[in-house]
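# Coordinate inspection notes
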Amino acid sequence: MTRSDLVAALAERFGQLTQRDTELAVKMILDAMSDALARGHRIEIRGFGSFSISRRPPRVGRNPRSGEQVVIPEKLVPHFKPGKALREAVDARLPVDAAPPLASAVDAP
């Protein structure tokens, strides 16, 4: 689902809101979440999940083209942890007899 899909679904669901109002509301919510994360705050939406900032320590990597070592600096990255209700809802959509995606590739000749 893209941002425009979300706006369209909300505008359709709430007929009293115009497409423009819905787009503005979605933009404001996403901007507020981005600003909160940029300030180092944690966002928790009950039943959906939580967003936080994780620290990736500095490390030494390799340039795949030349093989030379490269120092990769420390980074702060956003992290999402799904809530229990979301995990269960997604898990309920998985067909019981479905094989894991890698198992079918391994079994193929």
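Every value quoted in this text rests on a predicted model; they were computed, and no experiment measured them. (Residues numbered from 1 in each chain as written. Predicted model: local features only at pLDDT ≥ 70, side-chain atom pairs only at ≥ 80, totals over all residues. Heavy atoms only, no water.)

## Some points on the overall build of the chain
Across its full length, the chain carries four helices and five strands. Starting at the N terminus, the α and β elements of the chain follow one another as α-α-β-β-β-β-β-α-α. Counting every position in the chain, which comprises 109 residues, the buried fraction comes to 14%. In the chain, once contacts between residues fewer than 6 apart in sequence are set aside, the share between residues at least 24 apart is 29%. (Helix = DSSP H or I, 4+ residues; strand = E, 2+ residues; numbered from the N terminus. Buried < 20%, exposed > 50% of the residue type's maximum accessible area, 1.4 Å probe, protein only. Contact = heavy atoms within 4.5 Å.)

## What to know about the sheet that holds strand S5 (residues 75-82)
Read from one edge of the open sheet, three strands run S1-S2-S5, paired in antiparallel fashion. Each of the sheet's edge strands pairs with one partner strand only, and the pair in question is strand S1 (43-45) and S5. Taken pair by pair, the neighbouring strands of this sheet meet at an average axis angle of 30°, ignoring direction. Bridge count between strand S2 (residues 49-56) and S5: eight bridges; the pairing is antiparallel. Across the sheet, Ser50 pairs through a bridge with Lys81, a residue of S5. (Pairing = 2+ DSSP bridges. Axes fitted to C-alpha atoms, helices over the stretch in contact; angles between N-to-C directions.)

## Focus: the environment of Glu44
Looking at where Glu44 falls in the secondary structure, it is placed in strand S1. Relative accessible area serves as the criterion here: at 43%, Glu44 is assigned to the partly exposed category. Reaching out from Glu44, the side chain makes a polar contact with the side chain of Arg42 at a distance of 2.9 Å. At 2.7 Å, the side chain of Glu44 and the side chain of Arg46 are in polar contact. (Polar contact = N/O pair within 3.5 Å; in protein donor to acceptor, adjacent residues only side chain to side chain.)

## Here we look at the pattern of salt bridges
The full count for this structure, using the stated rule, is four salt bridges. Across the salt bridge formed by Arg46 and Glu44, the nearest N and O atoms sit 2.7 Å from each other. Classification of Arg46 by relative accessible area gives exposed; the value is 72%. Each of Arg42, Glu44 and Arg46 takes part in salt bridges that share partners, so that together they form one network. (Salt bridge = Lys/Arg side-chain N within 4 Å of Asp/Glu carboxyl O.)

## A short note on the side chain of Thr22
Counting through the fold element by element, Thr22 comes out in helix H2 (residues 19-38). Take Thr22: its relative accessible area is 2%, and that puts it in the buried class. Not counting residues within four places of it along the chain, the set of residues in contact with Thr22 comprises Val7, Leu10, Ala11 and Leu17.

## Observations concerning the pairing of strand S3 (residues 59-62)
When S3 meets strand S4 (residues 69-72), the two strands line up antiparallel, connected through four bridges. Bridging from a neighbouring strand, Val60 pairs with Val71 of S4.

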